[in-house]
Amino acid sequence: MFSLLNQSPTFTLTNQNHFRNFSNKAYDAIIVGAGSIGVPTSFKLQESGLKVLVIDQKASPGQGDNKCAIGGIRATHGNDSKILACIRSLEVFSTWEEKHGHNIEWLKGGYSFPCYREKEENDLKSLLPLQKGYGMKIDYISADDIKELIPGINTNGLRGGTWSPNDGSASPMLSSFAFYKYAKGLGVDFKFKEKVVKILKNENNKVVGVKTVKDTYSAPIVIDAAGSWSTELMRSVGINIDLVPDSHEAAITEPTEKFFTPMVVDLRPGKGSKNVYFYQNGLGQLILCITPDPPIKGTNRQETSSFLPMISKRVISLLPRLKNVRYRRTWRGVYPMTPDGAPIMGWNKELKGLYMATGMCGQGFMCGPGLAETIEHDINGNLNKDDKIILEFTNPYREYKGMEKIK
């Protein structure tokens, strides 16, 4: 465990031009990982005037666990940091096509958490003052309103639920490529099929660049956005981080007639799962996922034979009209998990110039653009009030506590 609150090193990047002068392989910042955090961070830093390189061992952007995300984007969280980050992210996703011309299949469908037990009802109601305090449009609505919002939902024991209409979804693959095209247009350099084998440092314990399987690149700042691979990357400089990957599986159906708009999240536990959540995309396909219980630790991405019977049973119990829907495929991705379900983000104090931006716990896609803004502010020394709130929560040296109520 480590953290860096109020101990951020100061870099005067205008004095770092010597890194650029001796080689075209010299940059102001190198980002390891072209995924949900790395690519948005690259264009935010490039917009600020820095020269940025992104390196990834995959063949193209978003080919790690970003492409395994199901696409949900919500500000409906249980702590200040994620609410603030995702309000920013929602602004980026919802306006991207208008501003940049790339269709990322943004769908303002909202999120709904139907409640069948007093526990979930009380938990969700207790968060409303916090969420509304940040300007979120969210309310606890009646069972009748939930039935109208989600036609055909099981009404046995239904107490009501929350409804946040400004949340939504987008295509992780289209978004990743759109962000990449924008970053490339700004001048960000990308190196694919090139694994970083070591972060390089000098005798003063300062970052000076990275070594890959193909070459060496220089920069005074290296940003770890490598996700589940971060533990291996950090070991290259003798740093241990509290990050344990675990596997999550998802499914998609054939298209059906559209009949509901929100991401539906049932927080009740079931056999083999802590919850279930699903939505209908713009093509009418249902995309579904669970949180496994117990966690399936490791990086195995092979689909299982047990997942589809489990999730279909849960979904049909909640929404019986889906009993005849046909599934097209399943897939499995990896969440880089921290002990408290919060990211590890901030300066590393063992190695000057190393910035941590990892451990997104399966929420990198929705949090990425919002967190990228904070990373850019932190690196350039321009933190605002919201950034400081976010960084207190993601502080790499924090004391780990329990998960948020609606993780």
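- As recorded in an unreviewed UniProt entry, the protein chain goes by FAD-dependent oxidoreductase domain-containing protein 1 and comes from Anaeramoeba flamelloides.
- You can read under Function (unreviewed entry) in the UniProt record for the protein chain the words "Required for the assembly of the mitochondrial membrane respiratory chain NADH dehydrogenase (Complex I). Involved in mid-late stages of complex I assembly."

**With respect to helix α3 (residues 80–100)**
No. 1: The end-to-end C-alpha distance of α3, which contains 21 residues, comes to 29 Å, matching closely the 30 Å that a straight helix rising 1.5 Å per residue would cover.
No. 2: If you look at α3, its biggest bend is around 40 degrees, right at S94.
No. 3: By the burial criterion, the buried members of α3 are S81, K82, I83, L84, A85, C86, R88, S89, L90, F93, T95 and W96.
No. 4: Two to three positions downstream of the cap, the backbone nitrogen of S81 sits 3.2 Å from a side-chain oxygen, assigning the N-cap of α3 to N79.
No. 5: G101 sits one or two residues past α3 and shows a positive phi near 80 degrees.

**Section: the pattern of salt bridges**
No. 1: Under the defined criterion, the tally for this structure stands at 17 salt bridges.
No. 2: The shortest N-O distance in the salt bridge between D65 and R301 comes to 2.9 Å. Remark: R301 occurs in the loop between β17 (296–297) and α8 (307–318) and D65 occurs in the loop between β2 (52–55) and β3 (72–73); sequence separation between them is 236 residues.
No. 3: Here K147 makes a salt bridge to D144, at a shortest N to O gap of 3.1 Å. Of the two residues, K147 and D144 both sit in helix α5 (residues 143–149), three residues apart, roughly one turn of that helix.
No. 4: Looking at K147, the relative accessible area reads 35%, which means it is partly exposed.
No. 5: Taken together, the shared-partner salt bridges in this structure form one network comprising R88, E373 and D387.

What counts and what doesn't
- Residues numbered from 1 in each chain as written.
- Predicted model: local features only at pLDDT ≥ 70, side-chain atom pairs only at ≥ 80, totals over all residues.
- Heavy atoms only, no water.
- UniProt positions renumbered as here; feature names shortened; annotations may be inferred.
- Helix = DSSP H or I, 4+ residues; strand = E, 2+ residues; numbered from the N terminus.
- Expected span 1.5 Å × (residues − 1).
- Bend = angle between axes of the 7 residues up to and from the residue.
- Buried < 20%, exposed > 50% of the residue type's maximum accessible area, 1.4 Å probe, protein only.
- Polar contact = N/O pair within 3.5 Å; in protein donor to acceptor, adjacent residues only side chain to side chain.
- Salt bridge = Lys/Arg side-chain N within 4 Å of Asp/Glu carboxyl O.

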